[in-house]
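Structural description and commentary
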Amino acid sequence: MSLESTVPSEVQLGCDELSRRLGEACLARGVRVTTAESCTGGGVASAITAIAGSSAYFETGYVTYSNAAKQRLLGVSSVTLETHGAVSEATVREMVAGACHDSGAELGVAVSGIAGPEGGSPDKPVGTVWFAWGDERNQHARCLRLPGDRQGVRELAVSVALAGLIESLSESDRDT
């Protein structure tokens with residue numbers, strides 16, 4: 001696993017602006033979104049729903065902090081969790097697929113990471129966050145090493161998740 005330390009430049013726009021842009025993009029395309037969150041604890045869903053009118057495009061948010069919740073609510077395989085751990089590409093891919101399947105949303109994001117201050121390891125240091133964007137059948141994932149304390153990592157992760165949703169909608173425009 002290689003950790004990227006480059007945070008997308010779009011995150012500098014802030015959650016309010018990213019959420020506003022996401023809403024505009026969802027409404028323009030008739031797309032509903034869902035979130036499957038672990039280390040962000042519902043922060044992505046909170047940012048999205050801070051925008052008036054978000055009920056027109058925000059379907060459901062899942063906060064699955066424990067492995068048991070990931071399995072029960074999102075259908076993440078116990079084999080995936082045992083083999084790769086909660087903070088892994090395989091897990092976030094299954095999280096977003098499960099969230100889209102359960103909610104019926106056309107697009108979702110999953111976030112799982114180690115916000116700290118404890119919990120890191122040499123392979124997965126504090127600040128390691130995996131993201132996946134996509135739907136029930138297709139996902140793309142990215143791992144970042146986010147700087148800062150616990151709150152800083154969580155805030156950056158929310159912004160990265162939002163920016164990735166917007167990027168996913170832009171990419172789907174290019175594919176059609």
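Reading guide: rules and limits
- Residues numbered from 1 in each chain as written.
- Predicted model: local features only at pLDDT ≥ 70, side-chain atom pairs only at ≥ 80, totals over all residues.
- Heavy atoms only, no water.
- Salt bridge = Lys/Arg side-chain N within 4 Å of Asp/Glu carboxyl O.
- Helix = DSSP H or I, 4+ residues; strand = E, 2+ residues; numbered from the N terminus.
- Buried < 20%, exposed > 50% of the residue type's maximum accessible area, 1.4 Å probe, protein only.
- Pairing = 2+ DSSP bridges.
- Axes fitted to C-alpha atoms, helices over the stretch in contact; angles between N-to-C directions.

Quick notes on the pattern of salt bridges
According to the stated counting rule, one finds six salt bridges in the structure shown. The partner of Arg 21 in a salt bridge is Glu 17, with the nearest N and O atoms 2.8 Å apart. Taken as a pair, Arg 21 and Glu 17 lie in helix α1 (residues 15–29) at a separation of four residues, close to a single helical turn. Put simply, Arg 32 and Glu 106 hold a salt bridge, and the shortest N to O gap is 3.1 Å. Separated by 74 residues along the polypeptide, Arg 32 in the loop between α1 and β1 (33–37) and Glu 106 in the loop between α5 (89–103) and β3 (107–113) bring together distant segments of the chain. The exposure class assigned to Glu 106 is partly exposed, which follows from its relative accessible area of 38%.

Observations regarding the sheet that holds strand β4 (residues 128–134)
What the five strands build is an open sheet, ordered β2-β1-β3-β4-β5; its pairing is mixed. Edge positions in the sheet fall to β2 (58–63) and β5 (139–145), since each has one partner strand and no second. This sheet shows a mean twist of 15° between the axes of neighbouring strands, independent of strand direction. Here five bridges tie β1 to β3, and the two strands are oriented parallel to one another. The residue of β3 that forms the bridge with Thr 35 is Val 109.

On their own, these measurements won't tell you what the molecule is for.
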